[in-house]
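Read off the chains here:
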Amino acid sequence: MTLKHSGSRGFRAYTSKHLDDLLKRADLDDVERLRIRAVATVLPFRTNAYVVDELIDWPSAPDDPIFRLVFPQADMLPADDVNRLADLLRLGAANSEINAVAHDVRMRLNPHPAGQLSLNLPRIGHEPVPGMQHKYPETVLFFPKQGQTCHAYCTYCFRWAQFVGEPDLKMASDNVDQLVSYLRAHPEVTSVLLTGGDPMIMGEPVLRRYVEPLLELEQLESIRIGTKSLGYWPQRYVTDPDADDTLRLFEQVVGAGKNLAFMAHFSHPKEMEAPVVETAVRRILDTGAVIRTQAPLIRSINDAPGTWARMWKRQLALGMVPYYMFVERDTGPQDYFAVPLGRAYEIFRDAYSQVSGLCRTVRGPSMSATPGKVCVDGVAEIAGQRVFVLHLIQARDPALVGRPFFARYDPKATWLTDLRPAFADRFPFEPAVPTARLSA
Ligand SMILES: *Cc1c(COP(=O)(O)O)cnc(C)c1O
C-alpha cells in the first residue's frame, strides 16, 4: 500500500505562539480570537500539522469536533476570568502578571482530582516514589519523564495541570530501577501502565529503556501503553524514522510472554478516517499487541449515540477492541464539557444497542473517581423511587468490585460527588460513620 501525503511528512508541533495565526483559518472575529488566547493562558494548547491540515474541517470550525478537541473555546472558563485575562493580553501586560492571574484561575479548577497526588502515591519504606500511582492492587501506573507531553493536547484533558508550567503539580520519573524495585516488593502487581502525557511521544531508544527492564519480571502479565498517538500522529508507526524499531520492541514484549495492551484514545470517528491510521493499526497488530480503545464522553465533541456507534464499529473493523467510555472528570473546564450521568447512560445504551456483540466489550459510562471506577449501569424505578444503578468496575478496595448499589436519580448530577445514596445511608465505599461523607 502506498502512503498518502501526510504519511511522509515529519512531525511539526504548534504551540500557543502559533495560536492566533491558526485561528485565522476559522471564522472568528478579533474579540473571539483574543478570548480564546485568554483561555490558552490558563489551559495547555498544543497541536500539530497533521491534526490541523488533515483532521480539522476548517469551513466547519469552530463547530468542527476535531477543532473543538484541540482548540480552546472562549467560553470554556468563567466569563469573569476570561475577560480579565483578555484585558491583560489586550493591554500588553507583562507575562509575569498574566501568569499570576492564570495560576489563580488554575487553582480553582481542581487540578488533581481523585486524590491523585496523595492517596495513590506508592512508598518504598517511608519514602514516597514520584512518578508512580498505585491505586488498584494489580495495576501500577508509571509516568516516564520523557513521555509527559503529547502529539497534541485535548481541550478536555484531565491531566492538563501537568502541561501548564505548574512544576509542583508535575508527576514524572526517569527512575526505572525504582519502578522495578517497587514491583519486586509488590508481587501482587501484574500490570504496568505507562502513561502521561503520552509515552509514545518518546523515541524508541528511550521507550526501550523503560520497557526492557520490565520484561525480566515474571509477575507481570501485561504492559499497557496509554496513548493518543494513533489519533494525533499515526505516522509514529508507519513513516517515522523509529517506526520499525518501535514495532520490534512491541514484538519483544509479546515474545517475552507479556500481553502488550496498546490503550488507544480515540475521541471521534474522524480520527480513524485517514488511510495512514489503518496502516498503523495493522502494523501494531502484526506485532502481536492488542489495541484496546477508550475515550471520555464530551459535550459538544462526541455526545451523540451515533458518534460512538460509528467509532466502535470502525474500531472493530480495524481489529481494535472497544474498552471504556469514561465520564468527563471533575477537573479543568468540566462545567463546559460535562454530560449529566443520566444522559451519559442514555447515550451509552443507545450506541451499545446499535452495534454487534463484538463491540460490546466496551464498558461505561465509567467515572474514574476516588474509590474506583464507578459504572452507571442504568436508571431504574425500584419501590417507587427513581434511582441510578451503579457498580464498581475497579476499586481501591477489591471487596467492593462488581456489587450493585444505588443512588437517588438526579438529572443534573455529572459526577459521583453529586450523588446521594438510595436505600442506604451511605455508599459502600464510604466509611460507616454517616456524617463522614467521603468527598470523591
Ligand atoms: C483505569 C485505571 C487502571 C486500570 O484499570 P482496569 O480496570 O484494569 O483497566 C489502573 N489504575 C488507575 C489509577 C486507573 O484509573
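Conventions used here
- Residues numbered from 1 in each chain as written.
- Predicted model: local features only at pLDDT ≥ 70, side-chain atom pairs only at ≥ 80, totals over all residues.
- Heavy atoms only, no water.
- Pairing = 2+ DSSP bridges.
- Helix = DSSP H or I, 4+ residues; strand = E, 2+ residues; numbered from the N terminus.
- Axes fitted to C-alpha atoms, helices over the stretch in contact; angles between N-to-C directions.
- pLDDT = per-residue confidence, 0-100.
- Contact = heavy atoms within 4.5 Å.
- Buried < 20%, exposed > 50% of the residue type's maximum accessible area, 1.4 Å probe, protein only.
- Domains from an automatic or database assignment.
- Buried area = accessible area lost by both parts, 1.4 Å probe.

Novice: Help me understand the sheet that holds strand β14 (residues 385-395), please; the structure alone is not making it clear to me.
Specialist: Sheet strands line up and pair through hydrogen bonds in the backbone, either parallel or antiparallel. With mixed pairing, the 11 strands of this open sheet are ordered in space as β5-β6-β7-β8-β9-β10-β11-β12-β13-β14-β15. On the outer flanks of this sheet lie β5 (132-136) and β15 (405-408), each paired with one strand and no other. When the angles between neighbouring strand axes are averaged without regard to direction, this sheet yields 30°. Bridge count for strand β9 (residues 259-265) against strand β10 (residues 290-297) is 5 bridges, and the pairing is parallel. For H265, the partnering residue across the bridge sits in β10 and is Q294.

Novice: It is not clear to me how the confidence of the model for the protein should be interpreted in this structure. Could you clarify?
Specialist: Do not read the predicted coordinates in detail wherever pLDDT is low. With 94% of its residues at a pLDDT of 70 or more, the protein shows a mean pLDDT of 93. The low-confidence segment residues 1-8, where pLDDT is below 50, has 13 contacts with residues more than four positions distant or belonging to other chains.

Novice: Explain unusual backbone geometry to me, please; I cannot follow it from the model alone.
Specialist: In most cases, non-glycine residues show a negative phi, while peptide bonds are predominantly trans. Cis geometry marks the peptide bond from G196 to G197, where omega comes out at 20°. Note that G197 resides in the loop between β7 (191-194) and α8 (204-211). Here the amide bond leading from G364 into P365 is cis, since omega sits at -10°, within 30 degrees of zero. Mapped onto the elements, P365 comes out in strand β12 (residues 363-369). Phi at A383 takes a positive value of approximately 50°, unusual for a residue other than glycine. Inspection of the secondary structure puts A383 in the loop between β13 (372-382) and β14. Owing to a relative accessible area of 75%, A383 belongs among the exposed residues under this scheme. At F423, a residue that is not glycine, the phi angle is positive and equals roughly 60°.

Novice: Honestly, the domain arrangement of the protein in this entry has me stumped. Any pointers?
Specialist: Interface size is commonly expressed as the accessible area that is lost once the parts come together. Annotation of the protein at the domain level lists domain 1 (13-106) and domain 2 (301-440). Of note, the centres of domain 1 and domain 2, computed from C-alpha atoms alone, are 31 Å apart. Counting residues at the interface gives 7 residues for domain 1, matched by 4 residues for domain 2. Where domain 1 abuts domain 2, roughly 560 Å² becomes buried across the two surfaces, and 70% of that area is made up of carbon and sulfur atoms.

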